[in-house]
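Structural overview
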Amino acid sequence: MNGIGSSSIGSQDLPSPFGELRCKLSREDLLYTAYEIFVGVSRVTGGRPLTYIAQAEKAAAGASIERSLSSAMSSSSTSSSASSSLHRSLTSSAAHQVKRALGLKPGSLSNSTKKLSNIAELMRVQLGISEQADSRIRRGLLRISAGKLGRRIESILLPLELLQQLRPTDFPDQKELELWQKRYLKILEAGLLLHPHLLSDQSDFPFRQLQRIIHTALDAGISSGSIPESLQSSAMVIATKSPSRSGAEFDTCHWADGLPLNLHLYQILLESCFDSKSGSVVDEADELIDNIKKTWSVLGLNQSLHNLCFMWTLFKHFAAMQKMDPGLVTAAETQLDEIAEDDLARSDPVYSELLDSTLTLVMNWAEQRLLAYHDSFSSGELGLMRSIVSLGVTSSKILAHDHRHQRRDDADVARARVDNYIRSSVRTAFAQMMEQADMSRRSMKDRPLPILSILAKDVSALANKEKELFSPLLNTWHPLAAAVAMSTLHVCFGWELNQFIAGITELSPDAVRVLKSAEELERELVQIAVEDSAKSDDGGKAIIREMLPFESEPTMARLTRAWIRERVDSQSQLVNQILQRQVKEGTDMAPAVDFLRTVEQTVDDFFQLPIPMHQELAPELYAGLDKSLQICISKSKAWEGSPGDFFPELPPLTRCGTEPRLWGKKDKLQTPQKVLPNQERDTSALTKLCAAINTLHHIRSEVDRLEKRGGVAARLELAVAAGRDETQRLCETLAARIVFVDLRHVFWDGLYIRDGADMTRAGPLIRELDLALEKISSSLHNRVRNRAVTALMKSCLDGFLVVILAGGPRRRFTVGDSTALERDLKAIKELFLAEGDGLPEEVVDKAAKQARDVLSLFGEDSEAVIQRFRRAMEEKYGVVKGKMPMPPTTGRWSSGEPNTLLRVLCHRDDEIASKFLKKTYGLPKKI
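1. Things to note about the overall build of the protein
Looking only at helices and strands, the protein has 36 helices and two strands in total. Considering only intrachain contacts with a sequence separation of at least 6, the fraction spanning at least 24 residues in the protein is 77%.

2. Looking at the packing of helix α32 (residues 818-833) against helix α33 (residues 841-858)
Taken N-terminus to C-terminus, the directions of α32 and α33 make an angle of 170°; their axes are 11 Å apart at the nearest point. As far as their axial angle goes, α33 and α32 are roughly antiparallel. Contacts from Ser-818, Leu-821, Glu-822, Leu-825, Lys-829, Phe-832 and Leu-833 of α32 reach α33 at Glu-841, Val-844, Asp-845, Ala-848, Ala-851, Arg-852, Leu-855 and Phe-858. Of the residues in the contact of α32 with α33, the class split is nine nonpolar, one polar and five charged.

3. Structural notes on the pattern of salt bridges
Enumeration according to the criterion identifies 29 salt bridges in this entry. Notably, a salt bridge pairs Asp-170 with Arg-139, separated by 3.1 Å at the nearest N-O pair. Of this pair, Asp-170 sits in the loop between α7 (158-165) and α8 (174-194) while Arg-139 sits in helix α6 (residues 131-147), and the two are 31 residues apart along the sequence. The pair formed by Asp-170 and Arg-139 is uniform in burial state, with each residue classed as buried. Here Glu-600 and Arg-705 are joined by a salt bridge, their closest N and O atoms 3.1 Å apart. On the criterion of sequence distance, the pair formed by Glu-600 in helix α26 (residues 590-608) and Arg-705 in helix α28 (residues 684-707) is long-range, its members being 105 residues apart. A residue is classified by how much of its surface remains accessible, and Arg-705, at 42% relative accessible area, is partly exposed. Taken together, the shared-partner salt bridges connect Arg-27, Glu-271 and Lys-316 into one network.

4. Section: the nonpolar core
Ranked by size, the top nonpolar core spans 276 residues in total, and within it Trp-255, Phe-315, Leu-474, Phe-493, Phe-606, Ile-804 and Phe-832 carry the most contacts. If near-sequence neighbours (up to four positions away) are discounted, Ile-804 is found in contact with Tyr-752, Phe-813, Leu-821, Val-854, Leu-855, Phe-858 and His-907.

5. Points about helix α14 (residues 303-320)
Relative to the 26 Å expected for 18 residues at 1.5 Å per residue, α14 spans 25 Å between its end C-alpha atoms, a close match to the ideal helical length. The element α14 is largely enclosed, with a buried count of 17 among its 18 residues. For α14, the side-chain oxygen to backbone nitrogen distance between the N-cap and Ser-304 is 3.2 Å, and the N-cap itself is Asn-302.

6. Points about helix α34 (residues 862-877)
The end-to-end C-alpha distance of α34, which contains 16 residues, comes to 22 Å, matching closely the 22 Å that a straight helix rising 1.5 Å per residue would cover. Looking at α34, one finds that the buried residues are Ser-862, Val-865, Ile-866, Phe-869, Ala-872 and Met-873. Take α34 and look down its axis: the buried residues cluster within an arc of 125°, on one side only. Check the buried side of α34 and you find it contacts α33, α35 (898-906) and α36 (911-921). Of the residues trailing α34, Gly-878 is marked for its positive phi of about 85°.

7. So, a positive patch on the surface
On the surface, a cluster of positive charge is contributed by Lys-794, Lys-846, Lys-849 and Arg-852. Sort the elements by how many residues they give to the positive patch and α33 lands first, with three residues. Within the secondary structure, Arg-852 is located in helix α33.

Cut-offs and rules
- Residues numbered from 1 in each chain as written.
- Predicted model: local features only at pLDDT ≥ 70, side-chain atom pairs only at ≥ 80, totals over all residues.
- Heavy atoms only, no water.
- Helix = DSSP H or I, 4+ residues; strand = E, 2+ residues; numbered from the N terminus.
- Contact = heavy atoms within 4.5 Å.
- Axes fitted to C-alpha atoms, helices over the stretch in contact; angles between N-to-C directions.
- Parallel < 35°, antiparallel > 145°, perpendicular 65-115°, else oblique.
- Nonpolar A, V, L, I, M, F, W, Y, C, P; charged D, E, K, R; others polar.
- Salt bridge = Lys/Arg side-chain N within 4 Å of Asp/Glu carboxyl O.
- Buried < 20%, exposed > 50% of the residue type's maximum accessible area, 1.4 Å probe, protein only.
- Core = buried A, V, L, I, M, F, W, Y, C linked by side-chain atoms within 4.5 Å.
- Expected span 1.5 Å × (residues − 1).
- Polar contact = N/O pair within 3.5 Å; in protein donor to acceptor, adjacent residues only side chain to side chain.
- Arc of directions from axis to C-beta.
- Patch = residues over 30% accessible without salt bridge, like charges linked within 9 Å, V, L, I, M, F, W, Y side chains within 5 Å.
- Areas by Shrake-Rupley, 256 points an atom, 1.4 Å probe, with all protein chains shown as cover.
- Lys, Arg positive; Asp, Glu negative; His and termini not counted.
- Charge placed at Lys NZ, Arg CZ, Asp CG, Glu CD.

Following this line, the structure appears as structure tokens:
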């Protein structure tokens, strides 16, 4: 045989949804039985008379009998033919629309097949029935018709009747005769005992008797013409006692209408609609189906069962084809739509069970492809994929309807199934990419990339493939197809990323590469999900909530902070080492400069880290470096000491006799024994101080540059303040040294000294100060020069006040000397103004304000100064009775300060001041 019986186009891979037969019937046995029913039904319902006249019998003696049987059968079928003509005219017109309605393409039958004379002959060829077997079957049916004129086919126990009509002369040998006998016996067993229309009580005598007879005959065999009467009687009792499905009694033999035997037989008939070689639907499918439906009366079927069985047959052929034909699955979908609308049939529990088993197989088969659709479908097979998705979803919708007709919303069912397809397929594809990424990494000859970096690129490619190819197709059933896919990819990669993160402890290049790749991937996945879900009811919030943020950025921040702590700790240790070396090697600013280089390197290294959060974390790095840099600047002293170390100590006031002395011997200000000439003066200290000031300026400039590095809002405030304070200290120290050490001979030891009536003036001091200013200008950077000059000016003005208020016994002033003092003060100011090339005038005026205030006292007479002194003392101590207390020396000189007023009086060379001092503090009247 070369038809369905032999090839069945590989469809045996799918199990039958109708259940397995509990007997040893082969597929060939079922093919013959199905064909016998089809031929028998076609003959009785008015088709061409199934006449058969073999060539060998033309000369035989029994030829006239066969012709008479044929004639009798033809005449007996006239009435039945007329009764069924209206049915044929109605059903045929509808049947011819089958292929067009189902969207089926015509088959490719051979030329010999296309020339077949009628549908029965086409069925024979399609089922692979040989001509010899066909002749044998037709002969048997003719013999049956001769003895059962006017009987309907459904009232005939066909296997038993054909068994009785077998003749040894019909077969080439005894072996083939026995095969046919056993087939009929097995069919009787299957239809009456194993799969009856209605279950029989197995203890009944007819049941047990028929069972015994069949088993005995199968074991021992039967001879032609010796069929036991008991076989016929018991078989007829069982076949005719069962009522029809409607409950009415009919003269009907129920031998082929029990489940699942009837469905197996019917499916074989339906398979004749497909070409055995190509699997395509034959051109005559309309006529075949029209005639196949006539077997319903024998098989106990109806339109609902036909739809279910035909859908399964279409689907089975589609699934079995190596190159799937979307037309077949489209036809199966059409049948599914009819099944879905058949609510009345669903109330039948038997049908409902068959429906569930059939659709479950269809759905499972579809899901085997759809749960990994990346492997199942290429970009050129999206149409096929759409059909299979529709098949799976439609099956799911029908299965979702419970037996009480309480149905879930179809859209919810479809969305749930497609959601499952997407998530499963994406997870499967992700697992495959993991394996592939691992293989790619192992194949790298140079330094291999981390597997997650490779995987991130693959996931990105998969995400875009999903978005461009599959999501538009799946949107038919799931409005958020792309978002679901992105969420699933996000979860899959996130799990792997978390495993990676748990194992990293430092900001290595591999760790940074992985974390950056993860961040870029997350941004891409979230963007696609947001765009896809923008029009959903909740704006995609539910999907986005599934996408728990990757820990890539927090992890990078955590590892960067650890890197910062390590670097800052290292810098702190380096500061200590530098300062310890400084103590051994001497005072110098070089350690701070060296340390600044390491700070710059740390900052450069930080901004070279491939992380996205420089702006956020830079302040933490700068804060740690700021403290270390502050300590290094503050403790790297280029000059030990302060301006006060050079300032003369002022002893308490007293007034003595004519020696003359202003201070007692024990409190006399210590002065050098000898002052060095200008050319022999030590200038190394001045040079060293200027170099230190320049170094601090360089450090400050570098700190400013570091603050602007990378465009971050980070400040080195402590270092800036330390540099500013240290620069100011050095400038003030430089100024104090110049005034009170380098220029002591013209300032402290020479200014306003009385030699009789003459008093030295500020000319020599101005000349020496001018030389000092030239030295400062040539030694210091222009950005710090004014600070040093300002400090020198202030120190000079402070010295000026000290000289006139506490300059010792050789300095005595009259009211007339105030004009000379004011001129000298003006000369000092003009020196620092330098005709507009020096300090700003407002700076100079502000610095000289205190000196001008004090000098105003020198122009007042002694009585006026005494009155000022009394008021100042009253304000400070209240009303004083008797001797006034000696006001302490504060150094904060002003015209309203008691100590300043007292010193003006002590240096006043007149009688009024002397009497007041003698009376108030017991000081001698004469100087």
